[in-house]
Amino acid sequence: MVEPAVTSFPARRTAIVTGGASPRGIGRVTAGRLAGAGWDVAVVDIDGAGAEEVASDLARRHGVRALGVGVDLARPEEIEPAVARVEAELSQVVGLANIAGVASPVPFFELDLAEWDRVFAINMRGLFVLTQRVARTMVSHGVGRIVSVSSVSAQRGGGTYSRVSYSAAKAAVLGFTRALAREIGGQGVTVNAVSPGPIDTDIMGGTLSDERKGELVRDLPVGRVGTPADVAATIAFLLGEDAGFITGVTYNVDGGLHIF
Ligand code: NAD
């Protein structure tokens, strides 16, 4: 049997991080953690000005190359030029962290097609288009790491804030991850998912009050809600060179909310 060669990471490599502009979000902390570990970073977000600001801060603080690019992931035509720019201006793309997402607390009988399509366009379709584009490059180099953020809502059927459309889109991310891991694993690219429980960001209808945190904590064996750094640490691990034998996996970063 001929085993595929293990391609090591190039000395300089880039991670594309979507959703990195949000001031208190998981993406920004992940981008910072990766830059701190020596990655060049492309911050991709619908908030282009915010993405540029984060990128220049990372370049200044960590001495890496960083680029902020405004992309609405719901508009597939914006994705190709953005990735082409990242590839032209930064080092070889080895990592992709699909972190951008939107919540949706709309109850089932009030859910219309516009809301359903909005949630899927950002949380799943944009993720697919971007991943397909970036994975082509990774496969051509024989090395890559893809990590996509799902949610405990996919596994438990909501229960924290968002409802059916979000749970369905985030569950789709898990199926996508597993099937893609199987398909391109032999070409040097790993594909994994991270499934956070309640994290202290502003996505659940605004900044969490102490009262709301108290309600969420009741279900959490670790006795606290998560921080963006909790999730960033797992994403950074899965993007790392050492994680090359892990693929098709979902890491729950949820304080024990979904133990099975
Ligand atoms: P956040 O709202 O702080 O960050 C989301 C980011 O996505 C923002 O920077 C936003 O500008 C960007 N974004 C939104 N729509 C976009 C679009 N159309 N194109 C490009 N970028 C877009 O939220 P967060 O809590 O940091 O969430 C990050 C990810 O984690 C999301 O996928 C979310 O669903 C997931 N998640 C969060 C929690 C939680 O409790 N915070 C739990 C489970 C999963």
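Remember, it's a predicted structure, so these values are computed and weren't measured experimentally.

What counts, and at which threshold
Residues numbered from 1 in each chain as written. Predicted model: local features only at pLDDT ≥ 70, side-chain atom pairs only at ≥ 80, totals over all residues. Heavy atoms only, no water. Pairing = 2+ DSSP bridges. Helix = DSSP H or I, 4+ residues; strand = E, 2+ residues; numbered from the N terminus. Axes fitted to C-alpha atoms, helices over the stretch in contact; angles between N-to-C directions. Contact = heavy atoms within 4.5 Å. Salt bridge = Lys/Arg side-chain N within 4 Å of Asp/Glu carboxyl O. Core = buried A, V, L, I, M, F, W, Y, C linked by side-chain atoms within 4.5 Å. Buried < 20%, exposed > 50% of the residue type's maximum accessible area, 1.4 Å probe, protein only. Near = heavy atom within 4 Å. Polar contact = N/O pair within 3.5 Å; in protein donor to acceptor, adjacent residues only side chain to side chain. Areas by Shrake-Rupley, 256 points an atom, 1.4 Å probe, with all protein chains shown as cover. Nonpolar A, V, L, I, M, F, W, Y, C, P; charged D, E, K, R; others polar.

Trainee: Can you break down the sheet that holds strand 1 (residues 14-18) residue by residue, with the values?
Mentor: With parallel pairing, the seven strands of this open sheet are ordered in space as 3-2-1-4-5-6-7. The open sheet terminates on both sides in strands that have one partner only, identified here as strand 3 (66-70) and strand 7 (250-253). Strand after strand, the sheet turns through a mean of 15 degrees between neighbouring axes, direction not considered. Against the sheet, helix 3 (residues 79-89) contacts strand 1, strand 2 (40-45), strand 3 and strand 4 (93-98), and its axis sits at roughly 165 degrees relative to strand 3. Together, strand 1, strand 4, strand 5 (144-149) and strand 6 (189-196) form the strand contacts of helix 4 (residues 113-141), whose direction differs from that of strand 4 by roughly 165 degrees.

Trainee: Quick one: what's the story with the pattern of salt bridges, residue by residue and with numbers?
Mentor: Under the counting rule described, the total for this entry stands at 14 salt bridges. Shared partners join several salt bridges into a network, and the residues in it are Arg-24, Asp-200, Asp-202 and Lys-213.

Trainee: Quick one: what's the story with the nonpolar core, residue by residue and with numbers?
Mentor: One finds Leu-34, Trp-39, Val-41 and Ile-235 to be the most contacted residues of the largest nonpolar core, which totals 30 residues. For this core, the elements supplying multiple residues, two or more each, are strand 1, helix 1 (26-36), strand 2, helix 2 (48-62), strand 4, strand 5 and helix 8 (228-239). In contact with Ile-235, other than residues within four places in its own chain, are Ile-26, Thr-30, Ala-97, Ile-99, Val-147, Val-149 and Val-194. With 28 residues, the next largest nonpolar core counts Val-44, Val-134, Ala-135 and Ile-184 among its residues.

Trainee: Now, about the site of the ligand: what can you tell me, with residues and values included?
Mentor: By nearness alone, 27 residues border the ligand, and Ser-22, Ile-26, Asp-45, Tyr-166 and Thr-201 come closest of all. Here an oxygen atom of the ligand and a side-chain polar atom of Thr-201 are 2.5 Å apart. Burial of the ligand by the surrounding chains reaches 91%, relative to a free accessible area of 820 Å². In the shell around the ligand, the residues fall into 16 nonpolar, eight polar and three charged.

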